[in-house]
Amino acid sequence: MSAHTEPSAVRLADHTTLGLGGPARSYLRTESTDDLVAAVAAADAAGEPVLVLGGGSNLVVADAGFPGTVVHIASQGVTLEETGATDPATGEPVVLLRAEAGVEWDPLVERVVAEGLNGLEFLSGIPGRVGSTPIQNVGAYGQDVSQTVREVLVYDRREGERRVLSAAECGFTYRDSVFKGDDRYVVCEVVFALHRGKLSRPVAYAEVARTLGVGAGERVPMERARETVLGLRRGKGMVLDPADPDTRSAGSFFTNPVVSAEEYAAVRERAAERLGPDVPVPGHPDADGAVKLSAAWLIDRAGFGKGYGSGPARLSGKHTLALTNPGGATTADLLDLAREVRAGVEAAFGVRLVNEPVMIGVSL
């Protein structure tokens, strides 16, 4: 194994976008799938707790750090395979993109857009690495990776072997998968099925459609789709920028709640009492009758506006859904704010928000 071992004084705060987290007891940097599998297998054999770390963009790590081995993924392999198949709906050629888990996500999206491959363009600007995308079923602006993931190469820690999981076996749902909340599988490589063409996938998000000046379902040049999404994300502090404290976050801290039609009616009643009968509650019904609410709207209307916070941790000044560390905050400070917001939303609307980032050594 050629993994690089570094001193145990490595601070996880230096490897998370929040800039929070204490030291790792042991730290390994792996630069290939073989190294990654070997490092995790060795730690498991030694009975050592393992934290597999990518870009750190979706982690909240305890101030005490991690009492085990942190395996940092830095593998960089990317290949494209022309399949010879075409999509039956569009006639566009299907191309398989295989990327190792340590590949930085947004540069990869930029590359495939430049290659004329659609399927990831509305996921532009998301921080992190490829390995995290199937875990969270990463999505934004009407697109998520479950729409293009063909298969995932994993290391099965229970069986001590590599396996290939099909998209169906990944169990994708909204911001969830078989990987989330279960450390059995280590994501090593992801294969995406993309289409070769000049246009984006159909625009599926109202804000993007408005900004582009097109109707829902229309297609636009891929470069235009990417630049539009990057512009929207920058306006919300959701594109990493060292000069902007609002980007020192884990992105959206809470998922958008999905409630039943009856629960949605109850939320509307509470909103009418609190805000007045003419204030609509944003809700997006799905085919099964459930309704997805806007966590950002609930937070704002519960009294937590942009920039809210009396301590070192704050809500972003650009987007109420991001909790930030402008500087000097601890993980404890951030969680205090998260609990305050969660309790306030539940008191106002009867909806309990659920955190999106993965918690390491802490919980809400």
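Here the structure is a predicted model, which means the values were calculated and not measured.

> What am I meant to see in the packing of aromatic side chains here?
The geometry of two aromatic rings is summed up by the distance between their centres and the angle between their planes. With the rule as written, the count across this model stands at six aromatic pairs. The interplanar angle of 75° and the centroid separation of 5.1 Å between the aromatic rings of F253 and F254 together place this pair among those described as edge-to-face. Side by side, F253 and F254 carry an identical accessibility label, which is buried. Each ring, one from W297 and one from F349, has its centre 5.7 Å from the other, and the planes form 45°; the classification is tilted. Remark: F349 occurs in helix α8 (residues 331-349) and W297 occurs in helix α7 (residues 295-301); sequence separation between them is 52 residues. F349 carries the same exposure label as W297, and that label is buried.

> Looking at this model, I keep getting lost on the side chain of T324. Mind explaining?
The topology assignment puts T324 in strand β18 (residues 323-324). Excluding residues within four positions of it along the chain, T324 makes contact with P245, D246, R248, S249, A313, R314, L315, S316 and L334.

> Teacher, can you tell me more about the packing of helix α2 (residues 105-114) against helix α5 (residues 222-235) here?
For any two helices packed against each other, one specifies the crossing angle of their axes together with the interaxial distance. Two numbers describe how α2 lies on α5: the axes approach to 10 Å, and their chain directions differ by 155°. One way to sum up the angle between α2 and α5 is to call them roughly antiparallel. Between α2 and α5 the crossing geometry is left-handed. Packed against α2, whose contacting residues are D106, V109, E110 and V113, the element α5 presents M222, E223, R226 and L230 at the interface.

Parameters at a glance
- Residues numbered from 1 in each chain as written.
- Predicted model: local features only at pLDDT ≥ 70, side-chain atom pairs only at ≥ 80, totals over all residues.
- Heavy atoms only, no water.
- Phe/Tyr/Trp six-rings, centres within 6.5 Å; stacked < 30°, edge-to-face > 60°.
- Buried < 20%, exposed > 50% of the residue type's maximum accessible area, 1.4 Å probe, protein only.
- Helix = DSSP H or I, 4+ residues; strand = E, 2+ residues; numbered from the N terminus.
- Contact = heavy atoms within 4.5 Å.
- Axes fitted to C-alpha atoms, helices over the stretch in contact; angles between N-to-C directions.
- Parallel < 35°, antiparallel > 145°, perpendicular 65-115°, else oblique.
- Left-handed = near helix turned anticlockwise from the far one by under 90°.

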